[in-house]
Amino acid sequence: MSWFRKKKFPKKNVADKRVNIPEGLWIKCNNCKEIIYKKEVERNCDICPKCNYHFRIGARKRLELIYDNGQYEEFDTHLRPKDPLGFKDVVKYRDRLRDYQERTGLWDALIRAAGTVDDYKIIICAFEFSFMGGSMASVVGEKLSRGMERAALEKVPFMSIASSGGARMQEGLISLMQMAKTSAATIKLEEAGVPFISLLTDPTMGGVSASFAMLGDIIIAEPKALIGFAGPRVIEQTRGQTLPEGFQRAEFLLEHGMIDMIVSRKELRNKLIGILNYFQNRLK
């Protein structure tokens with residue numbers, strides 16, 4: 001018999017050894033599938049440090065990244081969507097609107113703002129994709145048109161930041177009318193000699209891409225942004241053909257002359273300053 005006896009302790013449950021990690025600290029890249037520290041991504045303008053994938057961000061964050069000191073003034077905050085058709089699918093349209101308004105803190109899917117970029121005054125309309133997929137309906141179209149009209153009147157540059165699935169079906173023909181309305185408003189910018197800068201982000205689809213978004217004097221896209229009218233799967237199923245690799249991505253559109261440049265989110269502000277500086281003599 002041994003001269004000592006090893007004291008036995010009750011075995012700990014394996015679950016007790018697990019380290020409790022707070023949720024939300026890590027994020028998975030949709031492109032390279034790497035697990036990345038979330039704050040590292042946020043410090044990098046919400047771009048994956050491994051593969052340069054641009055995560056989707058909200059309208060307010062985009063405006064803060066562009067405007068001097070992240071400061072800007074919002075306009076048309078009193079405009080609120082209605083339910084002209086009494087539309088109902090699984091949920092009533094008015095209930096769906098209320099839900100998204102509570103989630104986002106916005107009345108609709110677009111913010112019209114004014115501020116300065118390197119002391120150049122500029123009016124920007126930015127889409128909020130998390131509000132019903134950034135869909136364009138009556139309020140969105142009205143805000144865009146007012147933004148263009150104000151820019152033409154004040155002789156200041158206008159910029160749109162598109163992130164949208166297209167026209168909002170819950171407002172039917174009223175939504176489709178915004179395509180013509182916003183396209184017509186771009187003519188006022190042209191007549192006033194005011195530059196229109198269009199930024200296309202992931203995704204820019206449907207009635208938004210088929211109207212004002214592709215009418216800019218300078219059309220910029222973020223890397224690998226999906227840009228088009230119908231989605232690639234819809235086209236493949238309709239035509240029964242396999243689409244080229246990278247079809248409807250920003251790089252494909254640049255290669256085929258549909259856009260002017262692709263700019264990383266980290267470089268956008270400096271690129272915009274260069275564009276505004278180029279146009280300053282035109283505005284005088």
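Residues numbered from 1 in each chain as written. Predicted model: local features only at pLDDT ≥ 70, side-chain atom pairs only at ≥ 80, totals over all residues. Heavy atoms only, no water.

Chemist: How would you summarise the overall build of the chain if you had to cite specific residues and measurements?
Modeler: Regarding its fold elements, the chain presents nine helices and nine strands. Taken against the 2.2 N^0.38 rule, which gives 19 Å for 284 residues, the C-alpha radius of gyration of the chain at 24 Å runs more than 25% over that of a compact globule. If you line up the chain on its principal axes, its C-alpha atoms span 105 × 45 × 45 Å. With 284 residues in all, the chain has 45% of them scored as buried. For the chain, long-range pairs separated by at least 24 residues make up 66% of all intrachain contacts whose partners lie at least 6 apart in sequence. Treating the 45 positive side-chain charges of the chain as one cloud and the 35 negative ones as another, the clouds have centres 10 Å apart. (Helix = DSSP H or I, 4+ residues; strand = E, 2+ residues; numbered from the N terminus. Rg over C-alpha atoms; globule rule 2.2 N^0.38 Å. Buried < 20%, exposed > 50% of the residue type's maximum accessible area, 1.4 Å probe, protein only. Contact = heavy atoms within 4.5 Å. Lys, Arg positive; Asp, Glu negative; His and termini not counted. Charge placed at Lys NZ, Arg CZ, Asp CG, Glu CD.)

Chemist: Residue-level account of the pattern of salt bridges, with values.
Modeler: Per the counting criterion, the structure on display carries 19 salt bridges. With a closest N to O distance of 3.0 Å, R62 and E222 form a salt bridge. Taken as a pair, R62 in helix α2 (residues 59–66) and E222 in the loop between β8 (218–221) and α7 (232–239) lie far apart in primary sequence, 160 residues in all. Both residues of the pair, R62 and E222, count as buried. Of the charged contacts in the structure, one is a salt bridge between K181 and E142, with a shortest N-O distance of 2.4 Å. Of this pair, K181 sits in helix α5 (residues 172–191) while E142 sits in helix α4 (residues 138–154), and the two are 39 residues apart along the sequence. Given the relative accessible area of 33%, K181 is considered partly exposed. With relative accessibility at 23%, the residue E142 sits in the partly exposed group. Within this structure, D76, R112, E142, R146 and K181 form a network of salt bridges that share partners. (Salt bridge = Lys/Arg side-chain N within 4 Å of Asp/Glu carboxyl O.)

Chemist: Requested: an account of the nonpolar core, with residues and values cited.
Modeler: Nonpolar side chains in soluble globular proteins tend to end up buried together. Grouped together as the largest cluster of nonpolar side chains are 38 residues, with contacts concentrated most on L144, F158, L189, L200 and F212. Those residues within four positions of F212 in sequence are excluded, and the remaining contacts are F127, M136, L144, M148, S160, T182, S183, T186 and F196. Residues Y67, L199, V263 and F279 belong to the second largest nonpolar core, which totals 24 residues. (Core = buried A, V, L, I, M, F, W, Y, C linked by side-chain atoms within 4.5 Å.)

Chemist: Before we move on, can you summarise unusual backbone geometry with the specific residues and values?
Modeler: Between D202 and P203 the backbone carries a cis peptide bond, its omega angle lying at -10°. Structurally, P203 can be placed in strand β7 (residues 196–204). Not every positive phi belongs to a glycine, and D76 is a case in point at roughly 60°. Mapped onto the elements of the fold, D76 is located in the loop between β3 (73–75) and α3 (93–104). What makes D76 buried here is its relative accessible area of 9%. Even without glycine at this site, Q248 takes up a positive phi of about 70°. With respect to the secondary-structure elements, Q248 resides in the loop between α7 and α8 (250–255). Judged by its relative accessible area of 6%, Q248 is buried.

Chemist: Go over the side chain of D202, please, and point to the residues and values.
Modeler: Tracing the sequence through the fold places D202 in strand β7. Engagement of the side chain of D202 in a polar contact is seen with the side chain of R56, the distance being 3.3 Å. Within the structure, D202 has its side chain in polar contact with the backbone nitrogen of L226 (distance 2.9 Å). When residues no more than four places from it in sequence are discounted, the contact partners of D202 are R56, S163, K224, A225, L226 and R249. (Polar contact = N/O pair within 3.5 Å; in protein donor to acceptor, adjacent residues only side chain to side chain.)

Chemist: Residues and numbers for the packing of aromatic side chains, please.
Modeler: Scanning the model with the defined rule gives eight aromatic pairs in all. Judged by centre distance (5.5 Å) and plane angle (55°), the ring pair of W26 and Y37 falls under tilted. Separated by eleven residues along the polypeptide, W26 in strand β1 (residues 26–28) and Y37 in strand β2 (residues 35–37) bring together distant segments of the chain. Taking relative accessible area as the criterion, W26 reaches 49% and is therefore assigned partly exposed. Classification of Y37 as partly exposed rests on a relative accessible area of 30%. For the pair Y53 and F55, a centre-to-centre distance of 5.1 Å together with 85° between the ring planes defines the contact as edge-to-face. In this structure, Y53 and F55 share a single accessibility class: buried. Against the face of F129 rests R56, its NZ or CZ located 4.6 Å from the ring centre. Between the NZ or CZ atom of R103 and the centre of the ring of Y100, over which it lies, the distance is 4.5 Å. (Phe/Tyr/Trp six-rings, centres within 6.5 Å; stacked < 30°, edge-to-face > 60°. Lys NZ or Arg CZ within 6 Å of the ring centre and 35° of its normal.)

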